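Structural overview for review
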Amino acid sequence: DDRASPAFRATFASRSARLRFASAPESPYARAAMSKRKAVNAQDEWKQNPMQAVNNHKFLNDANDAVVESLVGFVQAHPNCQLLDGLPDVKVVVRANTLLSNVDKNKVALISGGGSGHEPAHAGFVGEGMLNAAVCGDVFASPSVKAVLAAIRHVCGPNGCLLIVKNYTGDRLNFGLAAERAKLEGYKVEMVVVGDDCALPPPLGVAGRRGLAGTLFVHKVAGAAANSGLGLTAVKLEAMQAAACVGTVGVAVAAHTLPGASAPARTIPPGKMELGLGIHGEPGAATVPVTNVETLVGTLLEKITDTKSGYMKCLDGKINPPKTGLEKVATTEVNPPKPPPAPKVAVMINSLGATPSMELHVAAKAAREWLKNRGLNPARVYVGSFMTALNMTGFSVTLLSLDQQRLQRLDADVVSAAWPLVARAEAKMAPMPEARRDVGQDAEVDRVAESKARHAKDGTEPPKPVTWLGGLVLKCVTRAATALLGAEKALTEADTKVGDGDCGATFARGAAALLLDAPHMCDADSARDIALAIGLTIRRSMGGTSGALYDIFFAAAGVAMRDKDASDPKTWFLGFEAGVFAARRYGGALPGNRTMLDALIPAMEAARLKVAEGRSSSGVEALALAAKAAKEGAEATRSMAAGAGRSSYVPEHVLASVADPGATATATWIAAVADAAAEYL
């Protein structure tokens, strides 16, 4: 059956009156076939990510209608685009007709396209300064000759049009045949094929290098050239020159899943990643162990710039050996010779679909540093999703060599849905404001940070405790921080079930900072200063709700302990009590809401009577009782309904499987402090 589904026909017919369609030759209303489907059997187990094997649902109506419905939604969202009225056979996005004619008689038109599944490519780059039309095929399938020819007829004017095609056999054939047919009709058409893949060494035979995200740089350069009024020959020449100066390599740890499939196209083993894979799920050139992003980005850039492959000859002689050690030290000459300007390059860090912005920007930072360390100037850095592979978990790195004209083409104005505005200079840090010291004794002065800076400047070791209070602080803080670091995995697993999964990492960051800062706290001479120092360290390092609450906790504790005797257990209890009340007041939670208060409050009440006894041993005994009560309170949260925090959105049967992570972390550090104090005192 080659007809569209009844549901889709009805939906499409009801909406077509509201869409902006441009005229195109009539075509049969054929079903949008999903070609090249290579997904594994639905019963196969995806071992890389068991959670996704269970929940691999796609937010679609009918997988066979996904491409057409997506394009309809796209033009409804972006006023500068419209569709040719030839769906579902002819899927062509063009610039919205704001003139009396579809054709700009004074400019060369640009057309590109390819299979769908690479969004925002190619429709996202239709607009003033880039493409005039994007021809879309089915998922990972080349568009038809009919569709390409319709695009040419719609946008090509007296100055002709340029087809920019990624180097895949289907694209070359269909775009090429459409170009030849258009020439028979009297249109001036030229074609540039882009192959920017640097993963495999030459020779590559007839197929040649694949077209990847570097094609988008060619779009931008050629689009700006066409928009400036250059003729077809000149625009083609700039496109060819850009294509000769661009290289791309990709990496992924998980393959894509096709619409309608319940499992990914293939499995990449856990702990492994594929280097040099294509944007259609083709296996990579090599499978290697995963590594940190700095090393990985360096590997990708080394592959792109490898002189043995000769793919980036435009950079031959321009890349220096990496600077290390003394080479990075500035010269001591009074009037050193001015070095020549560093060769400029543009970098694109492109998500392959499922890689989040945070990870992409970490990769961008690593790429910038790698290039600068080798004498290149990353003049423009583009970060985001530009040419994806459905939901593949990975990214690609693209490098474009720049001359002044090509840089101007990148900076030329563009109006499209997906081309970003990027920085033209490297951002500089804004200075941190200093704490005021003229508002009384409670002004927060970070003495730990001052001590660290002083000892670093002098090249001296951190201070050693010289008083019993300093020794107690060092031992307790160190023991508590070590315990929290040891609990990171368990806290993360628990928070993954009932929260956002960051509890372990949050407490681990605070604990690591406390380990570094503890030696600089041991020369404090009052309980107040110790509490404030701990709070400021937490403020600098933890973040999140837990970090804010503990910052409040220790700030309130410091105020309550001002001018109190640090050798008296009652002083520390007053501080603890004030901290609990402040956390409750500002956090808004109540006892029984399944939060850290359900460990803090039982600990406070358990210690209260013991501290009141006033004996020399009452402090240690009170801590032991507090630790026991905190542990019991944390365990009791299993049976509580969450009334605050992200756990309040989690079903009760899920909450019952694990104690509250914040309460567990609280019980962990209280127990560690109790043990350390018992040993020291």
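The notes below deal with the structure included here. (Residues numbered from 1 in each chain as written. Predicted model: local features only at pLDDT ≥ 70, side-chain atom pairs only at ≥ 80, totals over all residues. Heavy atoms only, no water.)

This part takes up the overall build of the protein chain. Scanning the protein chain for helices and strands turns up 21 helices and 13 strands. The buried share of the protein chain, taken over its 681 residues, is 49%. The long-range share in the protein chain, meaning contacts at least 24 apart out of those at least 6 apart in sequence, stands at 74%. As displayed, the protein chain has an accessible area near 32100 Å², and 56% of this comes from carbon and sulfur atoms. (Helix = DSSP H or I, 4+ residues; strand = E, 2+ residues; numbered from the N terminus. Buried < 20%, exposed > 50% of the residue type's maximum accessible area, 1.4 Å probe, protein only. Contact = heavy atoms within 4.5 Å. Areas by Shrake-Rupley, 256 points an atom, 1.4 Å probe, with all protein chains shown as cover.)

The next point concerns the sheet that holds strand β10 (residues 286-289). The strands that make up a sheet pair up through hydrogen bonds in the backbone, lying either parallel or antiparallel. Strand order in the open sheet formed by 6 strands is β10-β9-β8-β13-β11-β12, and the pairing between neighbours is mixed. Looking at the sheet topology across the chains shown, the edges are occupied by β10 and β12 (377-384). Neighbour-to-neighbour, the strand axes of the sheet open up by a mean angle of 20°, direction not taken into account. As judged from the 7 bridges shared by strand β11 (residues 344-351) and strand β13 (residues 393-401), these two strands associate in the antiparallel manner. Bridge pairing links isoleucine 349 to valine 397 in β13. Those strands touched by helix α6 (residues 215-227) are β8 (246-254), β11, β12 and β13, and its axis lies near 125° from that of β11. (Pairing = 2+ DSSP bridges. Axes fitted to C-alpha atoms, helices over the stretch in contact; angles between N-to-C directions.)

Looking at the secondary structure, you find glutamine 82 in strand β2 (residues 81-84). On the basis of relative accessible area, glutamine 82 is assigned to the buried category, the value being 6%. Separated by 10 residues in the primary sequence, glutamine 82 and valine 72 have C-alpha atoms spaced 8.7 Å apart.

Further remarks concern the packing of aromatic side chains. Scanning all chains against the criterion turns up 12 aromatic pairs. Consider the rings of phenylalanine 125 and tryptophan 419, whose centres lie 6.2 Å apart with planes at 75°: the pair is edge-to-face. Of this pair, phenylalanine 125 sits in the loop between β4 (109-116) and β5 (133-139) while tryptophan 419 sits in the loop between α10 (404-411) and α11 (447-458), and the two are 294 residues apart along the sequence. Grouping residues by exposure puts phenylalanine 125 and tryptophan 419 together as buried. Consider the rings of phenylalanine 553 and phenylalanine 554, whose centres lie 5.0 Å apart with planes at 75°: the pair is edge-to-face. (Phe/Tyr/Trp six-rings, centres within 6.5 Å; stacked < 30°, edge-to-face > 60°.)

Burial analysis of β4 places 8 of its 8 residues in the buried class, the great majority of the element. The pairing of β4 with strand β6 (residues 161-166) spans 4 bridges and is classified as parallel. Within β6, the position partnered with leucine 110 by the bridge is leucine 162. One ladder, built from 5 bridges, connects β4 with β5; its direction is parallel. Its bridge partner lying in β5, glycine 113 is registered against valine 135.

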